[in-house]
Amino acid sequence: MSSDDEDVRTKISNMPFSQVLELKSKLGTTNFNEVVFGKKKQTETDCKKQNKFGIRKFERTQAVDDDDTPIEMSSKKPVPFLGSDGLSKRKRKAMQRPVVRDPRFDRHCGEYDAASFRENFDFVFQMKQDEVKELKKQLKVCKDPEEKQKLRFVIQRAENQVREHLKQQKLHQKRAQEKEEAIKAINEGKRPFYMKKSEKRMTDLVEKYVDLKNSGKLKKHIEKRRKDAASQSKKKINL
């Protein structure tokens, strides 16, 4: 330790604490500590540890000047073994795992086509109709009141599903026919006719009225609509 360093330390020890802090902020923590406490040497120690290849590892420990300084981790780690394909064992195992795909959300399975879906799964509708017939047969034979009530509920639900399917099927056929007529008009050089939404709604209501009249359910439907309108008006009055 030189006499100059001792003189500097003596001067610093006689300085006020505020000036010492100011000097430390100007010099920096590392330089200030070297001036005051002296420069610390790096020590290299043999930890006498061996990895799986039998090679000794040396860890270099450096004295930390400040408590806030982060600890430097050793980067001497064994290199993972790579096969002929250049992949590690972990990546190779991940690639060999079976991939489970849901065709509903997988783009590799193609895009959803409503028309082809209805055509391919039309057998489900046929099964539903056969199920309704079978349930009606069971209802005729059944004598238990509770079981009859359950069968009636199931039959009603199945009939509603069949009715809704027929309704949607008829609507899709109508829209497809309108599209074909528009394409035909364009091919002939004519201006295609497109119905407004209000006109489509009106024609749908007329067709529904005709279907209800032919099936003999028009009176029941009108009565139901009247009850719904009355209940809605009561709710508005109560509000």
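Keep in mind that what you see is a predicted model, and the values were worked out from it rather than measured.

Parameters and conventions
- Residues numbered from 1 in each chain as written.
- Predicted model: local features only at pLDDT ≥ 70, side-chain atom pairs only at ≥ 80, totals over all residues.
- Heavy atoms only, no water.
- Phe/Tyr/Trp six-rings, centres within 6.5 Å; stacked < 30°, edge-to-face > 60°.
- Buried < 20%, exposed > 50% of the residue type's maximum accessible area, 1.4 Å probe, protein only.
- Patch = residues over 30% accessible without salt bridge, like charges linked within 9 Å, V, L, I, M, F, W, Y side chains within 5 Å.
- Areas by Shrake-Rupley, 256 points an atom, 1.4 Å probe, with all protein chains shown as cover.
- Salt bridge = Lys/Arg side-chain N within 4 Å of Asp/Glu carboxyl O.
- Helix = DSSP H or I, 4+ residues; strand = E, 2+ residues; numbered from the N terminus.
- Axes fitted to C-alpha atoms, helices over the stretch in contact; angles between N-to-C directions.
- Parallel < 35°, antiparallel > 145°, perpendicular 65-115°, else oblique.
- Left-handed = near helix turned anticlockwise from the far one by under 90°.
- Contact = heavy atoms within 4.5 Å.
- Nonpolar A, V, L, I, M, F, W, Y, C, P; charged D, E, K, R; others polar.

(A) Representation of the packing of aromatic side chains within the structure. As enumerated under the stated definition, the model contains 2 aromatic pairs in all. Here the aromatic rings of Phe 117 and Phe 121 are separated by 4.7 Å at their centres, their planes lie at 35°, and the arrangement is tilted. The class of Phe 117 is partly exposed, set by a relative accessible area of 38%. We classify Phe 121 as partly exposed; its relative accessible area is 43%. Site record: aromatic cluster; members linked through ring pairs are Phe 117, Phe 121 and Phe 123.

(B) Here's a closer look at a nonpolar patch on the surface. Together, Tyr 112, Phe 117, Phe 121, Phe 123, Val 124 and Met 127 make up an exposed nonpolar region whose accessible area comes to about 650 Å². Among the elements that line the nonpolar patch, the one with the most residues is helix H6 (residues 122–141), at 3 residues. Mapped onto the secondary structure, Met 127 falls in helix H6.

(C) Representation of the packing of helix H7 (residues 145–187) against helix H8 (residues 197–215). Here H7 crosses H8 at 135°, and the two axes come no closer than 13 Å. Taken together, the axes of H7 and H8 lie oblique to each other. Two packed elements cross with a definite hand, and for H7 against H8 that hand is right-handed. On H8, the residues touching Lys 170, Lys 174, Arg 175 and Glu 178 of H7 are Lys 200, Thr 203, Asp 204, Glu 207 and Asp 211. Residues that form the contact of H7 with H8 fall into these classes: no nonpolar, 1 polar and 8 charged.

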